[in-house]
Amino acid sequence: MHKNKIWLSAPHMGGSELKYVQEAFDSNWIAPVGLNIDCFEHHLEAYLGSHHVAVLNSGTAAIHLGLILLGVQAGDTVICQSMTFSASANPILYLGATPVFIDSEPETWNLCPIALEEAIVDTIAKGATPKVILTVHLYGVPYKIDEIRAVADKYSIPILEDSAEALGSSYKGQQCGTFGDVGIFSFNGSKIITTSGGGAIVTHSKALKDRAIFLATQARDIAPHYQHSEIGYNYRMSNICAGIGRGQMEVLDYHIGLRRSIHEFYIELFAAIEGVTVFKVPNATYFSNYWLSTILINPLETNGITRETLRLALEAANIESRPLWKPMHLQPVFCNYPYYGNHIAETLFNNGLCLPSGSNMTPEDCNRIKFVILKLFGKKEVISKKR
Ligand SMILES: *Cc1c(COP(=O)(O)O)cnc(C)c1O
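Residues numbered from 1 in each chain as written. Predicted model: local features only at pLDDT ≥ 70, side-chain atom pairs only at ≥ 80, totals over all residues. Heavy atoms only, no water.

The name given to the protein chain in an unreviewed UniProt entry is Pyridoxal phosphate-dependent aminotransferase, with the source organism recorded as Flavobacterium gawalongense. As stated in UniProt under Sequence similarities (unreviewed entry), the record for the protein chain gives "Belongs to the DegT/DnrJ/EryC1 family." (UniProt positions renumbered as here; feature names shortened; annotations may be inferred.)

Next up, the structure:
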């Protein structure tokens, strides 16, 4: 077996991260306050446009605080995209609220506006208006922004926008993370940029940002002693991690360009392979960072090759790939909560695979992946021709 593993999405440092971490050491701000935090937030705010950003120690923490800022309490109902990472849904349960899971539509794989409205109408008929709609931009592809906003506004329900996978993606020129009433990002190790672990909450007002920081730093009242009138959390980002984030912001757009060329590589590779489609944006109003390149395999058109056949073939060559997110309504921990839809997400899960997409993949890595894929799909002649 090849000794170097090709990962799905490995961290990719730009070069100046250590300098900012060193600065934190030199100034002794080894704490959840300091210059790196301020600078990282300013970079993100400048990148997004007219929004306010507070950096936190995880994307999950950002979702938890986002739900709190939007008023979610025990007993409330929160509508949530079913096809996502469990971190989207877990904070709903932290608060003692009830998730209602919604299917995907086939174009962006995100929240289906029709199933969404059906769920809202049904939940209202049962006596409670949903408190929040939690949307996700899967794999960096923006959801149907206009359609979902129209439904949310019709019923006056705020949107919590889980943009964990979509920093740098945009719709009609507007950055993902800024469409919700509150938005969030993740800087976990596998995301488009990383602070080793971290997240951010995006708000429309300075007051809401300050409120998020207040809650993230144990909700201390203004007093010389420790005085508390509310329950707080320890969710602020460390100044060390923020130093990494500061360096990563300098290469964000460059790394997005690299991810997008890997997506192009897969489009070309699979163009000649029947029964495999590379997932892409529906039209030019959508811009994806293509955090992960993903494919759908139709075994009826591939002589029975499934996404699992391909995954195992890649694994045998020390190449990591992974099935798409397993929908929340199919997860043992969430399967008893309501679900609305037509099982699109289920079909995607059964047939979809995430392929290695890291911005630090080399041409040799791409060749190794290509070799395994062409061999599996019986395109040996293509290999010999290209050599
Ligand atoms: C990564 C991710 C999160 C969680 O972020 P963490 O920083 O790992 O806590 C939430 N939602 C989605 C869709 C993610 O991909």
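Caption draft 1: Quick peek at the sheet that holds strand S5 (residues 159-162). Across the sheet, which stays open at both edges, the eight strands sit in the order S1-S9-S8-S5-S4-S2-S3-S14 with mixed pairing between neighbours. At either end of the open sheet lies a strand with only one pairing partner, and these are strand S1 (52-56) and strand S14 (339-340). As paired strands, S5 and strand S8 (residues 182-186) are joined by three bridges and run parallel to one another. Paired with Leu 160 across the bridge in S8 is Val 182. The strands that helix H3 (residues 59-69) touches are S1, strand S2 (77-81), strand S4 (132-136), S5, S8 and strand S9 (199-203); relative to S9, the one it contacts most, it runs at about 30°. (Pairing = 2+ DSSP bridges. Helix = DSSP H or I, 4+ residues; strand = E, 2+ residues; numbered from the N terminus. Contact = heavy atoms within 4.5 Å. Axes fitted to C-alpha atoms, helices over the stretch in contact; angles between N-to-C directions.)

Caption draft 2: Up close: the sheet that holds strand S7 (residues 174-175). The antiparallel open sheet is built from three strands, whose spatial order is S7-S6-S11. Every other strand in the sheet has two partners, leaving S7 and strand S11 (286-287) as the edge strands with one partner each. Bridge count between strand S6 (residues 170-171) and S11: two bridges; the pairing is antiparallel. Bridge pairing in S11 places Tyr 171 opposite Tyr 286.

Caption draft 3: Representation of the domain arrangement of the protein chain within the structure. Split by domain assignment, the protein chain resolves into domain 1 (17-249) and domain 2 (252-376). One C-alpha centre belongs to domain 1, the other to domain 2, and the line joining them spans 25 Å. In this complex, domain 1 contributes 47 residues to the contact, which on the side of domain 2 involves 37 residues. Around 3800 Å² of area is buried between domain 1 and domain 2 when both sides are counted, 66% of it from carbon and sulfur atoms. At the boundary of domain 1 and domain 2, one finds zero salt bridges. Here domain 1 is connected to domain 2 by 24 residue pairs in polar contact (both at pLDDT 80 or more). Going through the elements one at a time, helix H4 (86-94), strand S3 (98-102), helix H5 (113-125), S6 and helix H8 (239-249) are the ones with two or more residues in the side of domain 1 that touches domain 2. At five residues, the largest contribution of residues to the side of domain 1 that touches domain 2 is made by S3. A breakdown of the residues in the side of domain 1 that touches domain 2 according to their chemical character gives 24 nonpolar, 13 polar and 10 charged. (Domains from an automatic or database assignment. Buried area = accessible area lost by both parts, 1.4 Å probe. Salt bridge = Lys/Arg side-chain N within 4 Å of Asp/Glu carboxyl O. Polar contact = N/O pair within 3.5 Å; in protein donor to acceptor, adjacent residues only side chain to side chain. Nonpolar A, V, L, I, M, F, W, Y, C, P; charged D, E, K, R; others polar.)

Caption draft 4: Representation of the pattern of salt bridges in the model. Enumeration over the complete set of coordinates arrives at 17 salt bridges. Where Lys 131 meets Asp 76, a salt bridge forms, and the shortest distance between an N and an O atom there is 3.5 Å. Taken together, the residues Lys 131 in the loop between H5 and S4 and Asp 76 in the loop between H3 and S2 connect sequence positions 55 residues apart. Judged by relative accessible area, Asp 76 falls into the buried class, the value being 16%. In this structure, Glu 308 and Arg 311 form a salt bridge, with 2.8 Å as the shortest nitrogen-oxygen distance. You can see Glu 308 and its partner Arg 311 sitting in helix H10 (residues 307-316), three residues apart, about one turn around the helix. If you follow the salt bridges from partner to partner, you end up with Glu 41, Glu 45, Lys 209 and Arg 236 in one network. (Buried < 20%, exposed > 50% of the residue type's maximum accessible area, 1.4 Å probe, protein only.)

Caption draft 5: Region of the structure containing the site of the ligand. Taken together, 16 residues sit near the ligand, with Thr 60, Asp 162, Glu 165, Ser 186 and Lys 191 positioned nearest. A distance of 3.2 Å is found between an oxygen atom of the ligand and a side-chain nitrogen or oxygen belonging to Lys 191. Protein chains shield 96% of the accessible area of the ligand, which is 380 Å² for the free molecule. Within the residue set of the shell around the ligand, elements represented by two or more residues are H3 and H4. The element best represented in the shell around the ligand is H3, accounting for three residues. (Near = heavy atom within 4 Å. Areas by Shrake-Rupley, 256 points an atom, 1.4 Å probe, with all protein chains shown as cover.)

Caption draft 6: The arrangement of the packing of helix H1 (residues 17-27) against H8 in detail. Viewed as axis vectors pointing N to C, H1 and H8 meet at an angle of 150°, and their least axial separation amounts to 7 Å. One finds that H1 runs roughly antiparallel with respect to H8. In terms of crossing hand, the pair formed by H1 and H8 is right-handed. Contacts from Glu 17, Tyr 20, Val 21, Glu 23, Ala 24 and Phe 25 of H1 reach H8 at Asn 239, Ile 240, Gly 243, Ile 244, Arg 246, Gly 247 and Gln 248. When its residues are assigned to classes, the contact of H1 with H8 shows six nonpolar, four polar and three charged. (Parallel < 35°, antiparallel > 145°, perpendicular 65-115°, else oblique. Left-handed = near helix turned anticlockwise from the far one by under 90°.)

Caption draft 7: Layout of helix H6 (residues 145-154). What H6 keeps buried is the set Ile 145, Ile 148, Val 151 and Ala 152. Along H6, the residues classed as buried sweep out an arc of 140° about the axis, all on the same side. Of the surrounding secondary structure, the elements contacted by the buried residues of H6 are H5, S4, S5 and S6. Following H6 by one or two positions, Ser 156 adopts a phi angle in the positive range, close to 50°. (Arc of directions from axis to C-beta.)

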